[in-house]
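# Analysis of the macromolecular model
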Amino acid sequence: MNNPTTSQARPTLSEELRHLLAMLLAHDTTSRESNLALIESIRDYLDQLGIPSELIFNPERTKANLYARLGPAGDGGVMLSGHTDVVPVDGQSWSYPPFQLTEDEGRCYGRGSADMKGFIACVLEAVPRFQQSALTMPLHLAFSYDEEVGCLGVPGLIDHIQSSPDHPAMCIIGEPTSMQPVYGHKGKVGMRCKVKGHACHSAYAPEGVNAIEYAARLIGKLTDLAEPLKQQQDRRFDPPYSTLQTGKIQGGVALNIVPEACQFDFEMRYLPDTDVNATLDKLKDFAASTLQPAMQTVHPDAGIHFEMLASYPPLLTDPQSRFAQWLSEWSGSHDFTTVAFGTEGGLFDQAGVATLVCGPGSMDQGHKPDEFVTIGQLGRCCDMLENLRNWMVSH
Ligand SMILES: [Zn+2]
């Protein structure tokens, strides 16, 4: 590629991009809702262009991933990927209607405009030009569901891609990075701990098993386990070490009843070279070998149970790799960085697809009321896709 299009703000949205973004924003795809209407709109759009899509449903068939490819058959090529679900607007005060496109002063407002329907709109808008080009390699499109609730939808999509005869070599996930190329983020494990005690009148507290107090000892252990994690630092991440924190707790009925049940949710966000299970096993060992025997001497049914809520692996792609250098050229930004939020990238990477993150808008606006993406950022994303298209013709 000799002449990458330079990043320049586009003052207005093209009609087609406006139409596509408005269509995507008009579907309320909050993760608890079905995304099928949106997925069917994308499928119909591709269908009109003569591009077949494959839908990969959840077991209840209420949600689906969409996978499509164009260009020549065979291994390799580039995958453009994004999630179709958005976070709730509950309890947020919006000055614009969240589920429709509102343009105001160079900004496009709406839930998901930054995270990450703006990117998907740019991709769809570019599809006809990719289709009309003599691509030397395939272009893959992969749109998932339930990313915002723990990357729950994308494994089915990855299984589908892996069982297909042709595999993409590279993947760009268009999460909002202000069009800065991103090579890494931490992994995350979210866990729930259920403590089952034994209730009795609080006047006879020693005859009961106090679930809240045992939960408190486990949470104290978590705080202790977080300390040594601070010693293992990697300055590429912020904060530069793995963290553990408890985010939610519930338990107890009344002050004069020894609580029978308490549960709390905690998470560990860990560096790429950290053994997350080593830390979790220490907590489980403490529960099983120290707390549980003491609980069961009072009542045999008492116990501690852990369940995993969600997890995604870390992402760490070599910023010196050829793919990373190409993405720098396509995006017009050589400032490679990491991000604090997670993506589906670690899962694609585990599946053998080299993955980087780069997309329009900023997570400063994501998940917040009056979420927006600027027309300038959408323009830069369109420029990146145009540079990618040129590269896929000439490479
Ligand atoms: Zn996102």
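Analysis parameters
Residues numbered from 1 in each chain as written. Predicted model: local features only at pLDDT ≥ 70, side-chain atom pairs only at ≥ 80, totals over all residues. Heavy atoms only, no water. Donors = N, O, S within 2.8 Å, 3.2 Å for Na, K, Ca; no water. Tetrahedral: all angles 85-135°; square planar, octahedral: opposite > 155°, others 65-115°. Pairing = 2+ DSSP bridges. Helix = DSSP H or I, 4+ residues; strand = E, 2+ residues; numbered from the N terminus. Axes fitted to C-alpha atoms, helices over the stretch in contact; angles between N-to-C directions. Contact = heavy atoms within 4.5 Å. Phe/Tyr/Trp six-rings, centres within 6.5 Å; stacked < 30°, edge-to-face > 60°. Lys NZ or Arg CZ within 6 Å of the ring centre and 35° of its normal. Salt bridge = Lys/Arg side-chain N within 4 Å of Asp/Glu carboxyl O. Domains from an automatic or database assignment. Buried area = accessible area lost by both parts, 1.4 Å probe. Buried < 20%, exposed > 50% of the residue type's maximum accessible area, 1.4 Å probe, protein only. 1 Å grid on protein atoms, 1.4 Å probe; cavity = no way out; pocket = protein on both sides within 12 Å on 5 of 7 lines; lining within 4 Å. Points joined across faces, edges and corners; volume = space filled by probe spheres on them. Nonpolar A, V, L, I, M, F, W, Y, C, P; charged D, E, K, R; others polar.

This brings us to the coordination of the zinc ion. Protein-derived ligands of the zinc ion are H83 (NE2), D115 (OD), E175 (OE) and E175 (OE), with the metal-ligand distances lying across 1.9 to 2.6 Å. In this structure, the zinc ion is surrounded by four donor atoms whose angles at the metal cover 53 to 138°, and the resulting shape is irregular.

Below, the discussion takes up the sheet that holds strand β5 (residues 107-109). An order of β4-β5-β16 is seen for the three strands of this open sheet, with the pairing classed as antiparallel. Of all strands in the sheet, those with a lone pairing partner are β4 (102-104) and β16 (372-374), marking the two edges. On average, each strand axis in the sheet is tilted by 25° relative to the strand beside it, whichever way the strands run. With three bridges connecting them, β5 and β16 associate as antiparallel partners. Looking across to β16, one finds that Y109 is bridged to F372. On top of the sheet, helix α3 (residues 113-131) reaches β5 and β16; it is set at about 50° to β16, its chief contact. Each of β4, β5 and β16 touches helix α9 (residues 375-394); the most contacted strand, β16, lies at about 65° to it.

Moving on, we get to the packing of aromatic side chains. Scanning the entire structure with this criterion turns up seven aromatic pairs. Between Y109 and F372 the ring centres are 5.5 Å apart and the planes differ by 55°, which places this aromatic pair in the tilted class. You can see Y109 sitting in strand β5 and its partner F372 sitting in strand β16, a full 263 residues away along the chain. Taken together, a centroid distance of 4.6 Å and an interplanar angle of 55° make the contact between W326 and W391 tilted. Taken together, the residues W326 in helix α7 (residues 322-331) and W391 in helix α9 connect sequence positions 65 residues apart. Chaining the aromatic ring pairs together yields one cluster made of F323, W326, W330 and W391. Lying across the ring of F57, R61 places its NZ or CZ 3.9 Å from the centre. Its guanidinium or amino end placed over the ring of F286, K221 lies 5.0 Å from that ring's centre, counting from NZ or CZ.

This part covers the pattern of salt bridges. If you walk through the whole model with that rule in mind, you get 18 salt bridges. As a salt-bridge pair, R32 and D90 come within 2.8 Å of each other at their nearest N and O atoms. Here R32 is found in the loop between α1 (15-26) and α2 (36-48), whereas its partner D90 is found in the loop between β3 (78-83) and β4, with 58 residues between them in sequence. Salt bridges linked by common partners bring E125, R129, E386 and R389 together as one network.

Another point: the sheet that holds strand β10 (residues 243-251). Spatially, four strands are ordered β10-β11-β9-β12 in an open sheet, and the strand pairing comes out antiparallel. Taken across any chain shown, the strands that pair with only one partner, and hence form the sheet edges, are β10 and β12 (303-312). Here the average twist between neighbouring strands, direction ignored, is 20°. One ladder, built from eight bridges, connects β10 with strand β11 (residues 261-270); its direction is antiparallel. From the neighbouring strand, I249 faces β11, where its bridge partner is F264. Here helix α5 (residues 211-229) sits on the sheet and contacts β9 (187-196), β10, β11 and β12; the angle it forms with β11, its principal contact strand, is near 10°. Against the sheet, helix α6 (residues 276-298) touches β9, β10, β11 and β12, its axis set at about 160° to β12.

Looking at the assigned domains, one finds that the chain contains domain 1 (15-185 + 314-394) and domain 2 (187-312). Taken together, the 14 residues of domain 1 in the interface contact ten residues of domain 2. Summing the contributions of domain 1 and of domain 2, the shared interface buries around 950 Å²; its carbon and sulfur component is 66%. On the domain 1 side of the contact with domain 2, P314, L316 and T338 bury the most area, a combined 45% of that side's loss. Inspection of the domain 1/domain 2 interface yields zero salt bridges.

Below, the discussion takes up the environment of D75. If you trace the backbone, D75 turns up in the loop between β2 (64-70) and β3. Given a relative accessible area of 54%, D75 falls into the exposed group. Along the chain, D75 and P138 lie 63 residues apart, while their C-alpha atoms are 7.8 Å from each other. Residues in contact with D75, not counting those within four places in the same chain, are P138, P165, D166 and H167.

Volume-wise, the largest pocket comes out at about 530 Å³. In terms of lining, the largest pocket is formed by 24 residues, of which the most central are E148, G150, K188, R269 and Y312. Contributing elements (two or more residues each) for the lining of the largest pocket: β9, β10, β11 and β12. The element that contributes the greatest number of residues to the lining of the largest pocket is β11, accounting for four residues. Class assignment of the residues belonging to the lining of the largest pocket gives a composition of ten nonpolar, six polar and eight charged. Two domains each donate at least three residues to the lining of the largest pocket, and these are domain 1 (15-185 + 314-394) and domain 2 (187-312). A205, V209, N210, E213 and V258 are, among the 15 residues lining the second largest pocket, the residues nearest its centre. Grouping the amino acids of the lining of the second largest pocket by side-chain chemistry returns ten nonpolar, three polar and two charged.

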